[in-house]
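Listed below, chain by chain, are the residues.
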Amino acid sequence: MSSNLTSKILILDFGSQYTQVIARRIREFHVYSEINAYNTSAAKIKKAAPAGIILSGGPASVYSPKAPQLDQQIYELGIPILGICYGTQLIAKDFGGQVERSVHREYGPGILRLKSSPTGPQTRPLFHGLPSEIEVWNSHQDKITVLPEAFQTFGQTENSTNAVIGCPEKNIYGLQFHPEVGHTPLGKNLLENFALKICKCVPNWTVESFIERSCAAIRDQVREGRVLLGLSGGVDSTVAAALLHQAIGDQLTCIFVDNGLLRAGERSAVKELFADNFHIRLKTVDASKNFISKLKGVTEPERKRRIIGNEFVRVFQNTAQELQGRSSSKHPFRFLAQGTLYPDVIESVSIAGNPSSLIKSHHNVGGLPSWMKFELVEPLRQLFKDEVREVGLKLGLSKELIYRQPFPGPGLAVRILGEVTRARLRILREADTIVIQEMKSSGWYYKVWQSFAVLLPVRSVGVMGDERTYENTIALRMVESRDGMTADWVRLPYELLAKISSRIMNEVKGVNRVCYDISSKPPATIEWE
Ligand code: XMP
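Conventions we followed
- Residues numbered from 1 in each chain as written.
- Predicted model: local features only at pLDDT ≥ 70, side-chain atom pairs only at ≥ 80, totals over all residues.
- Heavy atoms only, no water.
- Salt bridge = Lys/Arg side-chain N within 4 Å of Asp/Glu carboxyl O.
- Phe/Tyr/Trp six-rings, centres within 6.5 Å; stacked < 30°, edge-to-face > 60°.
- Helix = DSSP H or I, 4+ residues; strand = E, 2+ residues; numbered from the N terminus.
- Buried < 20%, exposed > 50% of the residue type's maximum accessible area, 1.4 Å probe, protein only.
- Domains from an automatic or database assignment.
- Core = buried A, V, L, I, M, F, W, Y, C linked by side-chain atoms within 4.5 Å.
- Contact = heavy atoms within 4.5 Å.
- Pairing = 2+ DSSP bridges.
- Axes fitted to C-alpha atoms, helices over the stretch in contact; angles between N-to-C directions.
- Disulfide = S-S within 2.5 Å.

Novice: Quick question: what am I supposed to make of the pattern of salt bridges here?
Specialist: Oppositely charged side chains can form a pair if their charged atoms are brought close together. Counted according to the given criterion, the structure contains 32 salt bridges. Through salt bridges that share partners, Arg24, Arg25, Glu28, Lys188, Asp386 and Arg482 make up one connected network.

Structure (C-alpha cells):
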C-alpha cells in the first residue's frame, strides 16, 4: 500500500462551527483533508499543492468591514474550489456578483432542486449519481442576488435562487447550504464528487498509510532521543503509546500518574490492560497527595485545569530526571508524547488564527506551563476520535481498551463542581462506579459516547427513614456523540435511570438526590467544567 499522500483537500476556515465536520466527511472517503486559516496566502497554498480547496461557512457577512477575505491570488492557482455558505457568498462577491441580506433567514431543512441541463443534471461531475431533488440543511441570512458573469446557477431552494453556483471552466463551485452535516443526507456524495471527480483526488488516506507515515515522522522528529509518555489508560494516550512503540521501541517510556483524581480501581485496571496488551516500559508514580493539596480551596474550573496541567508536567520532569540518573543511556528524555487529538486542538486554541474562541483549556493542549523543558510529540494531532480507534485496532489493541469511554485528563476534578476534597472524591467515585456497573450490565456502556456522574455543589433536603437529611446532589450525564464536538443526551430507559438513581441514593453515603442532565452540546459542553 502506498505511503504517499498523493492528494489532499485544503479547507480554509472562515469560522464555521461545522469546519471540522467538513474535514471528517472528506476523510470518510479516504481523502486527506486539512484545515487552515482563511487568510493563508496563495503562495503557501501553492507550495502545499492541494488537489482542491474548500472555503468553509462562517458567521460574518461578506460586506461587513471586518469580514474575513481570501487572498485573491488563490483564484488564479488553477486549483478547483468549492465554497460552502459564506465561502459561496465570498466567491460570488469576489467575481463581481452581489450578496444581500435576505428578509427571510433560511434556517433548517429545505429542498434543493437541480436545474436540468440538456443531458440531465447527473452528467455534471458535481452531481454525479444524485437525484434532481435533494434534502439540504440551510443556515444563512445573506443570499446571492446577482450572479457573477462567468457563473451559472445549477440549483435552487425555496429562498435562494442561487443555491448552487459554478463556473465549470475554472472549476469553481459554491453551495449555499451545508453538505457536510448529517441533515443533508446526500451531502457527502456532493463532497465526494468534488474531491474525486473534480479535484481527481486519489483516495489513499487509510489507516495503514497513516501508521506508516506517522512512524516515519516520529523517527524523524525523535532520532535517538528518548520519549516520555503520560499514559492515562484512555484510548488516546494508549494508541499514541502503541504507535510510538512501533516507531521507536525502547526509546519510549510510559508514566502512569496516580493523581488521586482517578476512578475507583483505575490504577490496577490500567496496569492490567497494559500488561495484557503490550510490553512497553511502564512506570507508575503516586502523586495524589501533591495534586489534592494543590487543589485545596480552588473552585474555578480553568484554575483547576491549569493546576493539574502544571502538576502533571512537574511529575513528568521529575520522573525524567530520576530515570535519567539511573539509566546507562546517554540520550536524555527530550520529548514528552501526548495523545492530543484534532478536536482538542480545535477547541482549545484558535487554529492558525481562525476566529474560534477558547471554550476550555484541555490540559494536554492549552494548559502546558511555559517552564516545561520537553519538546512535544503528538502523533494523533491530526486525527478524529474514530480514526484513532481504527489506528488502535490496526495496531492490535483490544476492543475492550479501544472502546473505553473517554475520560478527561483532569479526571474527577472537573466532575466535582466546587472544591475537590478527599471526602467529595469518595462520594463521586462511589456514584461513578455504580453508573459504570449499571451501564455495562444493561448493555448501554458501549452504545453511548460517555456516561458518568457529576457531584454538584448543591445540598438539598430529603427524608430517609424518619429523618430529615440535608445532603449532596449527583447529576447523571449520558451523551451520544460521534467525536465529542457536538453531543446529545441519551434517551435512556426510565427503568435503568431509576435503578441507577436508587442505587446511588441507597449506597452512596452523603447523597440524597439524583438529577439527569438533558442538555445537548452546544450550548452545554459534555463535561460540566
Ligand atoms: P467537552 O466538555 O469540552 O468535552 O464538551 C469534549 C470531550 O473531551 C473530553 N475532555 C477532555 N479530554 N483532557 C482530555 O483528555 C481534558 O482536559 C478534557 N476535557 C474534556 C470530554 O470528556 C469529552 O469526551
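Novice: So what exactly am I meant to see when it comes to the packing of aromatic side chains here?
Specialist: For any two aromatic rings, the description comes down to two numbers: the centre-to-centre distance and the angle of the planes. The full count for this structure, using the stated rule, is 14 aromatic pairs. Relative to Trp205, the ring of Tyr32 has its centre 4.7 Å away and its plane inclined at 45 degrees; by these criteria the two rings are tilted. One end of the pair, Tyr32, is in strand 2 (residues 32–37); the other, Trp205, is in the loop between helix 4 (187–198) and helix 5 (207–222), with 173 residues separating them in the sequence. The pair Tyr32 / Trp205 is uniform in exposure class, with both members buried. Consider the rings of Phe95 and Phe151, whose centres lie 5.2 Å apart with planes at 55 degrees: the pair is tilted. Residue Phe95 is located in the loop between helix 3 (86–94) and strand 5 (98–114), and its partner Phe151 is located in the loop between strand 6 (133–146) and strand 7 (152–156); the two are separated by 56 residues in the primary sequence. For Phe151, a relative accessible area of 6% translates into the label buried.

Novice: Help me understand the domain arrangement of the protein chain in this model?
Specialist: Size of an interface: often given as the accessible area lost when the parts come together. Under the domain assignment, the protein chain is made up of domain 1 (8–198), domain 2 (207–402) and domain 3 (421–516). Its C-alpha centre places domain 1 at a distance of 37 Å from the equivalent point of domain 2.

Novice: So what exactly am I meant to see when it comes to the nonpolar core here?
Specialist: One recurring pattern in soluble globular proteins is that nonpolar side chains are buried together. Core analysis: the largest hydrophobic core is formed by 51 residues, its most contacted members being Leu228, Met439, Ile474, Leu476 and Ile504. Ranked by residue count, the leading element in this core is helix 9 (residues 301–326), at eight residues. Inspection of this core shows a minimum of three residues originating in each of domain 2 (207–402) and domain 3 (421–516). Those residues in contact with Ile474, other than ones at most four positions away along the chain, are Leu428, Ala431, Ala453, Val454, Leu455, Ile504, Val511, Arg513, Val514 and Cys515. Of all hydrophobic cores here, the second largest spans 39 residues; its members include Tyr32, Ile211, Leu231 and Phe256.

Novice: Where do I start with the sheet that holds strand 3 (residues 52–55) in this structure?
Specialist: Strands pair in a sheet through their backbones, by hydrogen bonds, and they do so in one of two ways: parallel or antiparallel. Taken in spatial order, the nine strands line up as 2-1-3-4-9-8-7-5-6 in an open sheet, and their pairing is mixed. The sheet is open, and its two edges are formed by strand 2 and strand 6, each paired on a single side. Between one strand and the next, the sheet's axes are offset by a mean angle of 25 degrees, whatever the strand orientation. Relative to strand 2, helix 1 (residues 19–28) is tilted by about 160 degrees, and along the sheet it contacts strand 1 (8–13), strand 2, strand 3 and strand 4 (81–84).

Novice: Would you mind showing me how to read the state of the cysteines here?
Specialist: Disulfides are covalent bonds that link the sulfur atoms of two cysteine residues. Counted by the stated rule, this structure contains zero disulfides. In this structure Cys254 is not part of a disulfide, and its nearest cysteine sulfur, from Cys215, lies 14 Å away. The class for Cys254 is buried, based on a relative accessible area of 0%.

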